[in-house]
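Notes for the structure review
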Amino acid sequence: GRAVAKHAFFAVRGQSVLYFPYLSFPIDGQRHSGFLSPKVQFDRNNGFTFRLPYYFNLAPNMDATLGVGVMSKRGFIFDGELRYLNEWQNSILNLEYIPEDRQKNDEKRWSLFFNQNLTFSDRLSGAILYQKISDDDYLKDLDDTIGLLSKTNLERYASLTYNDEYVSASIRFQDFQIIDKEAIRRKPYSRLPQIAVASHQTYGLLEYGVSAEFTRFITELGKNDTRAKGGDRFDVKPYMRLNLENSWGFFRPEIAFRYTDYSIDHRKNPRNDPERFHRSMPIFSVDTGLFFERDLELKSLFGGGEYVQTLEPRLFYLYVPYRTQSHIPMFDTSLYSPSYSALFNTTNFTGADRQNDANQVTTALTTRFINANSGVEKLRLSAGQIQYFEKNRIRLGDDLSEEEANKNRSEWFMEGEFEVIPKLYTNLTWQWSPKKSKTTKTTFDLRYQPEQDKILNLGYRYTRNDGNPDNTINQIDLSGFWELDEKWSLIGRYNHSLNNNQMIDTMAGFQYDTCCVRVQAITRYYRDTPQAKE
C-alpha cells in the first residue's frame, strides 16, 4: 500500500521549487503513519519557519501528529495534536512549545487547546473547551497557529445540556483568560456555575412557559476595582401569550412577570449598596400586524416575470413599570446593538442585571417582492421607529432622573436585502436621528458569487461618534477569493478609512492547491492604530 520515489522534484509550471531525495507515500487511500508534507513559512515576525510533522495512525478512531520545527528568529518549536472519536464523543488536543524564544529573552512559551463534544443520547449532550497560553503576546507573536478562538480573551467552559419537546435545561461552568488588557481592562465575572431551565407549552391558541436561571459570579479584583467580588443571582420569568393569526394578520398579546433575587459579596462598598435584595416587575406587550399583497407583472426588474408585492404594517406596544436598579452590580449585562429587529424586544439589555422601563409603541412597515412561481424573495425593505409615551430611565450605569430622561422617540431604523441581478446580492442598514437630522449609522454590503469558489465583496461602514469625532467609523472594505482554475486562486483585501484618507489593512496573494500540496504566498500591511493621522 505504499510507493517510494527517489530524487523527486515538485515543479510549478515547469520550474522545480522543491527537491526530495527520498519520498514514501500511501497509494491505497488508507491512513498510514509517516512524515507529512513539511510546512514552510516566511514572515517578518518569525523569519523563516520550517516544520516537519509526523503522523501516527494509532487506531481506526484515534490518531496523532507530532512536529518539530525551527524559526530563524526565535528557535526551535515543537507541536502535537491528538484526535479521538467514538460513538458518543469527539476530542481534539493541541499543544505547542518553544523551549527558548530568542525574541522573548529566552523564555519558555507554550499554548494549550482542548475541545471535546459529547453526545450521551438524543436529548443529553455536553461540551468542554479549555484554552491557555503562557503570556499575553503569544497569539500576536505566533500568529494563532493552533486555532485559539480569540485575540482579546480565551474562553474556558464545561457544559451539560438536556433538550426535549417541552423542556430545555443546562449547567455551565465558564471562565476566561484575558489576553488584551487594553481592550478588556477588568476581568469578566466567571460563572461557577450557571444553571438554566426553560419550558414552553401550547394549549390551542394559548402559549405559556417559564425561563429560570441561577448563576454564581466570581472575579479577581484589581487594586482600584470597586466592583462586587461576586454574588448569586436567581432570575425567573413566567409568561403567557395568546397567538391569534391567519392569512391577513396577527394579534399576539403577552403578559410576563420577572423576578430577580441577588446576594452580593462586596469587597468595597463606598455607596453602602445592600447585600441582599430583589427586583420584580410585570411586562406587558402586544404585537400586531396586517398583510396586504398584490400581483405584479414585471418586465425587466429582477429579470421580469410574475411577482407578488406585500405591504406589512406592524405595531408593537410595550409596558414595563420603572424599578430603581442603580444598586444592582453589572455581572454579565450589556446593551443590545441598536437595529431594526431590536425594536420588537421586551428589553434593551442582554443579561438579567438590567430590565428597562417602557411605555412605548413601535410602528414599522415592510414590503417584499416575491417570485410567484418559485417563491424566492427578491427584495425586502423594512423601516421602523419607537414612540415613547413615558421617557426611559434605565441604562447600564445609574438610573436617570425624570428630568434627565428626555427622549421622546427613537432613531429611524431601516434595513433591506435584494438581489440586483442573478448572483449579485446586496443588503443595507440605515439609522437616522430625527433630533440631530443626521445619519448615525449605515452599512452597505455587495456580494457577487457566480460560483462556489469565486466571490467578491464590497462593504461600506459608517458610525457617527459625536463625543469623539476621531473615533467615527467611515470605511470601505473590498475583499475577494477568485479561483482561476483547478489549482490557482487569487486572494485579496483592501480596507480604507475615509476619515483619515489612509489604508487600514491591505492583503494580496495567491494560492496553489493540488491533491497533496498547498502553497500560499500572501503579503499584508496594516495599521495597529487606524485612527492615527500619521
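Further up the page is the structure itself.
This report concerns the structure included in the present document.

The rules we used
Residues numbered from 1 in each chain as written. Predicted model: local features only at pLDDT ≥ 70, side-chain atom pairs only at ≥ 80, totals over all residues. Heavy atoms only, no water. Helix = DSSP H or I, 4+ residues; strand = E, 2+ residues; numbered from the N terminus. Buried < 20%, exposed > 50% of the residue type's maximum accessible area, 1.4 Å probe, protein only. Patch = residues over 30% accessible without salt bridge, like charges linked within 9 Å, V, L, I, M, F, W, Y side chains within 5 Å. Areas by Shrake-Rupley, 256 points an atom, 1.4 Å probe, with all protein chains shown as cover. Salt bridge = Lys/Arg side-chain N within 4 Å of Asp/Glu carboxyl O. Lys, Arg positive; Asp, Glu negative; His and termini not counted. Charge placed at Lys NZ, Arg CZ, Asp CG, Glu CD. Phe/Tyr/Trp six-rings, centres within 6.5 Å; stacked < 30°, edge-to-face > 60°. Lys NZ or Arg CZ within 6 Å of the ring centre and 35° of its normal.

1. Overview of the environment of Gln 30
Positionally, Gln 30 belongs in the loop between β2 (15–26) and β3 (34–35). Taking relative accessible area as the criterion, Gln 30 reaches 53% and is therefore assigned exposed. Considering only alpha carbons, one finds Gln 30 and Ile 328, 298 residues apart in sequence, at a separation of 60 Å.

2. Let's talk about a positive patch on the surface
Taken together, the side chains of Lys 223, Lys 229, Arg 267 and Lys 268 define a basic patch exposed on the protein surface. Looking at the secondary structure, you find Lys 223 in the loop between β14 (206–218) and β15 (228–242).

3. Some details on the pattern of salt bridges
Side-chain pairs of opposite charge can arise where the charged atoms are in close proximity. Scanning the entire structure with this criterion turns up 41 salt bridges. Of the charged contacts in the structure, one is a salt bridge between Asp 445 and Arg 461, with a shortest N-O distance of 3.0 Å. Within this pair, whereas Asp 445 is found in strand β27 (residues 438–451), its partner Arg 461 is found in strand β28 (residues 454–463), the two being separated by 16 residues in sequence. Residue Asp 445 is classed as partly exposed on the basis of its relative accessible area of 22%. Accessibility expressed as a relative area gives 34% for Arg 461, which makes it partly exposed. Between Arg 464 and Asp 466 there is a salt bridge whose closest N-O contact spans 3.8 Å.

4. Focus: the packing of aromatic side chains
Applying the stated criterion across every chain yields a total of 19 aromatic pairs. Taken together, a centroid distance of 4.8 Å and an interplanar angle of 85° make the contact between Tyr 189 and Phe 331 edge-to-face. A residue pair is termed long-range when its members are at least 10 positions apart, and Tyr 189 in the loop between β12 (167–178) and β13 (190–203) and Phe 331 in the loop between β20 (305–320) and β21 (334–335) qualify at 142 residues. No difference in accessibility class separates Tyr 189 from Phe 331, as the two residues are buried. Between Phe 316 and Phe 344, the ring centres sit 6.1 Å apart and the planes meet at 75°, which makes this aromatic pair edge-to-face. You can see Phe 316 sitting in strand β20 and its partner Phe 344 sitting in the loop between β21 and β22 (349–350), a full 28 residues away along the chain. An identical accessibility class is assigned to Phe 316 and Phe 344; each is buried. A connected cluster of aromatic rings, assembled from ring pairs, spans Tyr 189, Phe 217, Tyr 262, Phe 277 and Phe 331. A cation over an aromatic ring shows up here: Arg 314 above the ring of Phe 344, its NZ or CZ 3.6 Å from the ring centre.

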